[in-house]
Amino acid sequence: MLETRDLTIRFGGHVAVDHVSCAFQPGTLTAIVGPNGAGKTTYFNLISGQLRASEGSVHLKGVDITREPASSRTQRGLGRAFQLTQLFPNLSVVENVRLAVQARRREGLNLWSVWLDHRNTLERAHSLVERVQLGARSDDTAASLPHGDQRKLEVAILMALEPSVYMFDEPTAGMSLDDVPVILDLIRQLKEQRDKTILLVEHKMDVVRELADRIVVLHNGKLVADGEPERVIAMPVVQQAYLGTSLGVTLEEAT
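Because the structure is predicted, anything quoted here is derived from the model rather than measured.

*Asks:* For this particular structure, what's the right way to read the side chain of Lys-152?
*Replies:* Relative to the helices and strands, Lys-152 resides in helix α5 (residues 147-160). When neighbours within four sequence positions are excluded, Lys-152 is seen to be in contact with Val-132, Gln-133, Leu-134, Met-175, Asp-179, Val-182 and Ile-183.

Encoded structure:
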């Protein structure tokens, strides 16, 4: 479904992502972990098109999309949720989602479109708003929502686009303990569909253990480990890279 081949980006003399080759299959959830500054978000930005690679390539469904802009990658089925929410702040919750549904169905300002199509689009938007437990705030502006609800709204928008690949960059960051289960349940439901490819950058190892089929570890921009969660977590190189220490403290004890 998705593959990077020797993906690399340099900022001056600094190599932020260093020849990372990795393939991601449908029906799997891969957690991408590593210490701060390891290159995880930069790797995501290269895949989704926010940054242009210095070397290497990105392939989606067998097609080289390395030179395509982010908007084109989204149309091809690559969906991305960011660390910082990307919303229309002055539009209502349901309007934010409706625009995403409309974009997915490629409805424009078509004077010949019938009222029923518009109603179906709005019903789909309301359904997704309810699914992320924002029904009571559907008419509120996105800017008025607390941070946790904004993260829920961004997930609803992402689901409205119906991508083949979901990319979640620390989806629970800054959320209250009450809000976290909602997001995790939605990711779990997407995983259960078995036809979606899910990539997850996450620092919380309990979340990684619960959801991930596979862990990829980045350190100093390099891929240092890749495999099943328990095996990868137990690797000495991962213990040291993740903690940034060689004091013998285990990842289990640190989390």
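Now that the structure has been shown, we can carry on.
*Asks:* Explanation requested: the environment of Leu-186 in the structure shown.
*Replies:* Inspection of the secondary structure puts Leu-186 in helix α6 (residues 180-192). By relative accessible area, Leu-186 is classed as buried at 2%. Spatially, the C-alpha atom of Leu-186 lies 9.4 Å from that of Ala-156, the residues being 30 residues apart in sequence. If we skip the residues at most four places from it in the chain, Leu-186 touches Arg-131, Val-132, Val-155 and Met-159.

*Asks:* Explanation requested: unusual backbone geometry in the structure shown.
*Replies:* Keep in mind that most residues, glycine aside, have a negative phi and that most peptide bonds are trans. If you check the backbone angles, Asp-6 has positive phi at about 50° while not being a glycine. A residue is classified by how much of its surface remains accessible, and Asp-6, at 41% relative accessible area, is partly exposed.

*Asks:* Please explain the confidence of the model for the protein chain as it appears in this structure.
*Replies:* Low pLDDT marks regions whose predicted coordinates should not be analysed in detail. For the protein chain, per-residue confidence averages 85 on the pLDDT scale, and 87% of positions sit at 70 or higher. Low pLDDT, under 50, characterises residues 245-255; the predicted model gives this stretch 17 contacts beyond four residues in sequence or across chains.

*Asks:* Looking at this structure, I do not really get the sheet that holds strand β8 (residues 197-201). What am I missing?
*Replies:* The strands that make up a sheet are held in pairs by hydrogen bonds between backbone atoms, and each pair lies either parallel or antiparallel. Pairing is mixed in the open sheet, where six strands are placed in the order β6-β7-β8-β3-β9-β10. Both edges of this open sheet fall to β6 (78-81) and β10 (222-227), since each of them pairs with a single strand only. Each neighbouring strand pair of the sheet contributes to a mean axis angle of 15°, computed without reference to strand direction. Across five bridges, the pairing between strand β9 (residues 214-219) and β10 is antiparallel. Opposite Val-216, over in β10, you have Asp-226 as the bridge partner.

Thresholds applied
- Residues numbered from 1 in each chain as written.
- Predicted model: local features only at pLDDT ≥ 70, side-chain atom pairs only at ≥ 80, totals over all residues.
- Heavy atoms only, no water.
- Helix = DSSP H or I, 4+ residues; strand = E, 2+ residues; numbered from the N terminus.
- Contact = heavy atoms within 4.5 Å.
- Buried < 20%, exposed > 50% of the residue type's maximum accessible area, 1.4 Å probe, protein only.
- pLDDT = per-residue confidence, 0-100.
- Pairing = 2+ DSSP bridges.
- Axes fitted to C-alpha atoms, helices over the stretch in contact; angles between N-to-C directions.

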